[in-house]
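Listed here are the chains, written in short residue letters.
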Amino acid sequence: MANFKSTLIERYWDACEARSGSISAIDTSCVYAHCMDPLTLARIQFAANISFHILFPSISIALAWVLLFFKWRFGRTRDARWMDAYRLWVKIFALTFALGVVSGVTMSFQFGTNWPGYMQTVGNVAGPLLAYEVLTAFFLEATFLAIMLFGIGKVSERVHTLATVLVAVGTSLSAFWILALNSWMQTPAGYTLIDGKVHATDWLAILFNPSMPWRVMHMLLASGLTVAFLVSGVSAWRLLRGDSRPDVQSTLRTGVMIAAVLIPLQIMVGDFHGLNTLHYQPAKIAAMEGVWQTERGAPLLLFAWPDETQRRNHFAVGIPRGASLILRHEADGEVRGLDDFPGAHPPVKPVFFGFRVMVGTGLLMLAASWLGAWLMRGGREPPRFWLRGMVAMTFAGWVATLAGWYVTEIGRQPWLVHGVLRTADAATAKPIPIGMSLALYLALYAFLIVAYISVVFYLARNAGAPHGNASANVPNTTGGVTSA
Amino acid sequence: VPDLATPAGWLPVVFMVLMGIALLLYVVLDGYDLGVGILLPGGTDKEKDLMVSSIGPFWDANETWLVLGIGLMLVAFPQAHSEVLSSLYLPVVLMLIGLMLRGVAFDFRVKAQTAHKPMWNRLFWAGSVLTSAAQGYMLGSYVTGFDASAAARAFSVLTALCVPAVYALLGAGWLLIKTTGGLQRKAVNWARRAWWGALTGFIAVSVASPLISTRIFEKWFSLPYVVLLAPLPIVTLLLLLIAARSLQRLPTRIEQGNDYGAWVPFAATIGVIVIGFYGLAYSLFPYLVVDRITIWDAASAPESLMVILVGAAVVLPAILGYTIFVYRVFRGKVEPLSYG
């Protein structure tokens, strides 16, 4: 196998040599295009996989609770619209969950293949957290999902509700474990280093490390907002198509209300999370705010073009003293600049722009949901322009979530585990043909995202009507359609 | 071998056993649903729906055993995890792509436009075949210690053909239990064909592995082990014969609507897999990477393993409990699945 890999690289090299005519004139960019340095490729591949993966848990975590809400409303009111809502969204949940599971399996393999140094250095902390996630959450979700999806009529109403609760608990629990680990990587605590390896000394300190509470809340709220906008967007789209079934109005209202309540909470939690980061990872904040030199009364930059070679911003437009006010809660508060962290601060552009995309999307969410709540006050029909806006924002949660993750993960660089392990030291030293597998993964992901979005809207179009595959399915007693 | 009375000595052994059990459960459980996927093209449209329905409530949790097995390797033997999976990089990628395709095709095939259903059926089949073959290749490559010689490569190709055959036999056995009538009769025929594949595979692997690895040869063919281990291949052959006999009798019984013994081929195949797994573990112990890394070389710190062990001791019985509960809820012959 080892031989096979080196032949593969030789073949790339030969191809490049043939193109340039002589071995001395080999265009290094050509070689790099095929077998880029392992660190860059390992990072691109891991980022692609984890970005694809997070799309689906960010929906299923909160959608499980929303489904429980629909079920609870139906139980209370016996109004068929809530059961219709449940029936549509449980299908979308099943699809989302499946995509989350299969993309998550990939992760369990890539931890070791792409980052061998990670487990070898911090495995004593990361291992138990990952193991607990699998043991306490994955099996719970995957097993009770069967009863939640297919158990109606086979188990009592009460057991079915219990199964739905357990699936919802499982998804949230899984988020808790993985975010506890991620937070530990950002703000490590409760460990000691022996011969360069991390050993756990205090599990409570590891679990409840300084950034964990904020990160968990921030992500759970992000999931809530992602689902709120997904539900509102799909419902708005159904309304615009002239779908007048009663469940559409109800799900639209539910989505908008959830968004309107969660978004101010999210902005508040985000602010606290930022203060926490300022304390523990000041270089990340400096990159987010685009502050190069330590200064008092730093402006809040609305736009700028950070330039890492000249170490300054171009075209900066900002609110004077804004950053100091937000971060220090005083107009001349000191904000440390990137120059204080020579060689140890993250790449500025992705963090700086990622942060602006996240905050910008958040503000749009605030405007759209509050406007919607006001437009629909007292049971009024919402106007079409607003419905169109909500359709456009169907996947706004994905944009904000991804942008936020890029800020916090790229913002942690050059560290993989802050102050303990550099990303470069954890990457694989072996020349693995990542390039080829990366191309395969990217093609598959693009295909699956297109399929997912189109099927979500297809299901919404056929909601309530006999399903497209009805010929192969038999309606059951509650009037639902069969499906696997 | 370190002192087994110390945690650093016995914890890695316990974790090897746990990892082994998780992977064995994975092979048996996901094996039957992968097998059903491999057999899918043989069914009519209606039968395809039933075949998929028969595994619908289970496949998700079945796949989780793989995450647990690989996860235990990652957390308990991190060095072996990166060594093994880096050496198997390409087949692992192919397996993951196969797993993704079948996992999503499973859901898309009934939710997407009717016109797209045949495409998702084909992807479900292709993903199942790709996953099984890649796992077979990995098995061969692992047993030969990632040797790159032509002989070792040929051996891996051989195992890449055998594993899908065994999964197909398992899947057909599952369908014998879960279906009736025409589909059940078809399952008998599929099982018969897969049986020959499994038998050929069993003989070929038994003959080839001692030839390809002198270490395995010495472990199996030195006294007294050759006598002590002799029951393993004999029982395997017996189980295969029991399956064959059952497959001969089943068609007449099915005609009479008699389901007696429909579970025999499935159970016999599980027996074969368990014995094969034990033989593999015996051949390799105490190495995680043949002749290079032992379980003690690769193990994480004892205090961290202890933390995981406590959790596993509490949670695993619960997992087994609710898994059995779900299998009971969905016991009996398959009916078209319905969302409430």
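Rules of the game
- Residues numbered from 1 in each chain as written.
- Chains lettered and ligands numbered in written order.
- Predicted model: local features only at pLDDT ≥ 70, side-chain atom pairs only at ≥ 80, totals over all residues.
- Heavy atoms only, no water.
- Helix = DSSP H or I, 4+ residues; strand = E, 2+ residues; numbered from the N terminus.
- Rg over C-alpha atoms; globule rule 2.2 N^0.38 Å.
- Buried < 20%, exposed > 50% of the residue type's maximum accessible area, 1.4 Å probe, protein only.
- Contact = heavy atoms within 4.5 Å.
- Areas by Shrake-Rupley, 256 points an atom, 1.4 Å probe, with all protein chains shown as cover.
- Lys, Arg positive; Asp, Glu negative; His and termini not counted.
- Charge placed at Lys NZ, Arg CZ, Asp CG, Glu CD.
- Phe/Tyr/Trp six-rings, centres within 6.5 Å; stacked < 30°, edge-to-face > 60°.
- Lys NZ or Arg CZ within 6 Å of the ring centre and 35° of its normal.
- Patch = residues over 30% accessible without salt bridge, like charges linked within 9 Å, V, L, I, M, F, W, Y side chains within 5 Å.
- Salt bridge = Lys/Arg side-chain N within 4 Å of Asp/Glu carboxyl O.
- Buried area = accessible area lost by both parts, 1.4 Å probe.
- Polar contact = N/O pair within 3.5 Å; in protein donor to acceptor, adjacent residues only side chain to side chain.
- Nonpolar A, V, L, I, M, F, W, Y, C, P; charged D, E, K, R; others polar.
- Axes fitted to C-alpha atoms, helices over the stretch in contact; angles between N-to-C directions.
- Parallel < 35°, antiparallel > 145°, perpendicular 65-115°, else oblique.
- Left-handed = near helix turned anticlockwise from the far one by under 90°.

1. Some thoughts on the overall build of chain B
Counting its secondary structure elements, chain B contains 14 helices and 2 strands. The C-alpha radius of gyration computed for chain B amounts to 21 Å, which stays within 12% of the reference 20 Å derived for 340 residues, consistent with globular compactness. Dimensions of chain B, computed from C-alpha atoms along their principal axes, come out at roughly 60 × 40 × 35 Å. When the 340 residues of chain B are sorted by exposure, 60% land in the buried category. Considering only contacts in chain B between residues 6 or more positions apart, those separated by 24 or more positions represent 78%. Surface exposure of chain B reaches about 13,000 Å², of which carbon and sulfur atoms provide 71%. If the 22 positive side-chain charges of chain B are averaged to one point and the 18 negative ones to another, these points end up 13 Å apart.

2. Brief notes about the packing of aromatic side chains
Applying the stated criterion across every chain, the model contains 39 aromatic pairs over all chains. Ring centres of Tyr32 of chain B and Phe266 of chain B lie 6.0 Å apart, and the angle between their planes is 75 degrees; this geometry places the pair in the edge-to-face category. Note that Tyr32 of chain B is positioned in helix 1 (residues 7–39) and Phe266 of chain B in helix 12 (residues 264–284), a separation of 234 residues in sequence. Comparing Tyr32 of chain B with Phe266 of chain B shows no difference in burial state: the two are buried. Among the aromatic side chains, those forming a connected cluster through ring pairs are Phe52, Phe56, Phe395, Trp398, Tyr441, Tyr445 and Tyr452 of chain A. Seen from the ring of Trp374 of chain A, Arg377 of chain A lies directly overhead, with NZ or CZ sitting 4.2 Å from the centre. Here Arg422 of chain A stacks its cationic end above the ring of Trp415 of chain A, 4.7 Å away from the centre of that ring.

3. Looking at a nonpolar patch on the surface
All names here are of chain A. A cluster of nonpolar side chains, contributed by Leu302, Phe303, Trp305, Phe315, Val317 and Ile319, occupies part of the molecular surface with about 630 Å² of accessible area. Of all the secondary-structure elements, those providing two or more residues to the nonpolar patch are strand 4 (300–307) and strand 5 (312–319). Tracing the sequence through the fold places Phe303 in strand 4.

4. Observations concerning the interface of chain A and chain B
Each partner contributes to the interface: chain A provides 81 residues, whereas chain B provides 78 residues. Of the roughly 7,400 Å² buried where chain A meets chain B, counting both sides, 73% is carbon and sulfur surface. If you look at where chain A meets chain B, you find 0 salt bridges. Counting every contact that joins chain A to chain B gives 7 residue pairs in polar contact (both at pLDDT 80 or more). Examining the composition of the side of chain A that touches chain B, we find that 23 residues originate from one element, helix 6 (residues 116–150) of chain A, more than from any other. In terms of residue class, the side of chain A that touches chain B is built from 54 nonpolar, 22 polar and 5 charged.

5. Some thoughts on the pattern of salt bridges
Charged atoms that come close allow side chains of opposite charge to pair. Taken as a whole, this structure holds 22 salt bridges over all chains when the rule is applied. Across the pair Arg238 of chain A and Asp243 of chain A runs a salt bridge whose closest N-O atoms are separated by 3.0 Å. There is no split in this pair, since Arg238 of chain A and Asp243 of chain A are both buried. Between Lys333 of chain B and Asp259 of chain B there is a salt bridge whose closest N-O contact spans 2.7 Å. Pair noted here: Lys333 of chain B is in the segment after helix 14 (302–329) and Asp259 of chain B is in the loop between helix 11 (231–255) and helix 12, with a separation of 74 residues, a long-range link. Through salt bridges with shared partners, one network takes in Arg238, Asp243, Arg245 and Asp247 of chain A.

6. A short note on the packing of helix 11 (residues 282–289) of chain A against helix 13 (residues 348–375) of chain A
Residues and elements named next belong to chain A. With their axes 7 Å apart at the nearest point, helix 11 and helix 13 run at an angle of 70 degrees to one another. Classified by the angle their axes make, helix 11 and helix 13 are roughly perpendicular. Helix-helix and strand crossings are classified by hand; for helix 11 and helix 13 the assignment is right-handed. Two secondary-structure elements touch here, helix 11 through Lys284, Ala287, Met288 and Glu289 and helix 13 through Val348, Val351, Phe352, Phe355 and Arg356. Across the contact of helix 11 with helix 13, the residue classes tally to 6 nonpolar, no polar and 3 charged.

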